[in-house]
Amino acid sequence: MYTSGYANHSSRASTSAVRSTRTTAEPASGLISEIVYREDQPMMTQLLLLPLLQQLGQQSRWQLWLTPQQKLSRDWVQAAGLPLTKVMQISQMSPCHTLESMIRALRTGNYSVVIGWLSDELTEEEHSRLVLAAEEGNAMGFIMRPVSASPTATRQLNGLKIHSNLYH
């Protein structure tokens, strides 16, 4: 798992990451964090990611969601306390388009946060490109990645779940 910037989303330090995150709506510099989520932990998103997204919603900039072919539910966005007028969604067809779209969007500075779903771990080069783009645009980027359901996993992974009623 890769994390840069001022928050650390490691599997053991998720709670302390929320406490150590700055409380201002403007990030000091770019941030890229990978959030690994599990289907059986629906409340983790509400506890960890939503408060940050709500706070970033106070900025004049947009929030960009690069989602895997599902459409965000308008009702969920409103119920989550996110600014409906500042949330933009683009459905992506392939992981390489998601990564490149994230890099371009982060670089512009038009978005406070860019969230993209990827199924594979980032390479060092991909992570570096995202960090540079986030720093250039003074933005946050979150890579949402599902946990592999393989029973032969070599390490225990904790993470966040995007609640299924997020989409309709």
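Residues numbered from 1 in each chain as written. Predicted model: local features only at pLDDT ≥ 70, side-chain atom pairs only at ≥ 80, totals over all residues. Heavy atoms only, no water.

Looking at an unreviewed UniProt entry, the chain carries the name Cell division inhibitor SulA, with the source organism given as Yokenella regensburgei. What the UniProt record of the chain gives under Sequence similarities (unreviewed entry) is the line "Belongs to the SulA family." Per UniProt, the comment on the chain under Subunit (unreviewed entry) is "Interacts with FtsZ." (UniProt positions renumbered as here; feature names shortened; annotations may be inferred.)

A. Structural context of the sheet that holds strand β5 (residues 140–146). A sheet is described by the order of its strands in space; here 5 strands give the open sequence β1-β5-β4-β2-β3, paired in parallel fashion. Only two strands of the sheet have a single partner each, and these edge strands are β1 (31–37) and β3 (87–91). Across the sheet, the mean angle from the axis of one strand to that of its neighbour is 15°, orientation sign disregarded. As paired elements, strand β4 (residues 111–117) and β5 share 5 bridges and run parallel to each other. The partner of V113 across the bridge, within β5, is M140. Across the sheet, helix α4 (residues 95–108) is in contact with β1, β2 (62–67), β4 and β5; its angle to β4 comes to roughly 175°. (Pairing = 2+ DSSP bridges. Helix = DSSP H or I, 4+ residues; strand = E, 2+ residues; numbered from the N terminus. Axes fitted to C-alpha atoms, helices over the stretch in contact; angles between N-to-C directions. Contact = heavy atoms within 4.5 Å.)

B. Structural detail: α4. Helix length check: α4 (14 residues) gives 20 Å between terminal C-alpha atoms against 20 Å at 1.5 Å per residue, within 8%. Buried residues of α4: T98, L99, S101, M102, I103, A105 and L106, and no others. Its buried side turned inward, α4 meets β1, β2, β4, α5 (124–137) and β5. A positive backbone phi angle near 80° is found at G109, which sits one or two residues after α4. (Expected span 1.5 Å × (residues − 1). Buried < 20%, exposed > 50% of the residue type's maximum accessible area, 1.4 Å probe, protein only.)

C. Quick look at the pattern of salt bridges. Counted by the stated rule, this structure contains 4 salt bridges. With a shortest N-O distance of 2.3 Å, R145 and E34 are connected by a salt bridge. Of this pair, R145 sits in strand β5 while E34 sits in strand β1, and the two are 111 residues apart along the sequence. For the residue pair R145 and E34, the accessibility class agrees, reading buried in each case. Of the charged contacts, one joins R145 and E121 as a salt bridge, the two residues approaching to 3.9 Å between their closest N and O atoms. Note that R145 is positioned in strand β5 and E121 in the loop between β4 and α5, a separation of 24 residues in sequence. Each of the salt bridges in this network shares a partner with another, and the network as a whole consists of E34, E121 and R145. (Salt bridge = Lys/Arg side-chain N within 4 Å of Asp/Glu carboxyl O.)

D. Spatial organisation of the confidence of the model for the chain. Averaged over the chain, the pLDDT score is 74; the fraction of residues at 70 or greater is 66%. Looking at the elements of the chain, mean pLDDT is at its lowest for helix α1 (residues 14–20), recorded as 33, and at its highest for α5, recorded as 96. Ignoring residues within four places in sequence, the model shows residues 1–25, a span with pLDDT below 50, making 51 contacts including any to other chains. Across residues 152–168, confidence stays below pLDDT 50; counting only partners more than four residues off in sequence or on other chains, it has 53 contacts. (pLDDT = per-residue confidence, 0-100.)

E. How the structure looks around the nonpolar core. Counting 21 residues, the largest nonpolar core has L53, W65, L82, I115 and F142 as the members making the most contacts within it. Among the secondary structure elements, those contributing two or more residues to this core are β1, α2 (43–56), α3 (74–79), β4 and β5. Of all hydrophobic cores here, the second largest spans 18 residues; its members include L66, M102, A105 and A139. (Core = buried A, V, L, I, M, F, W, Y, C linked by side-chain atoms within 4.5 Å.)

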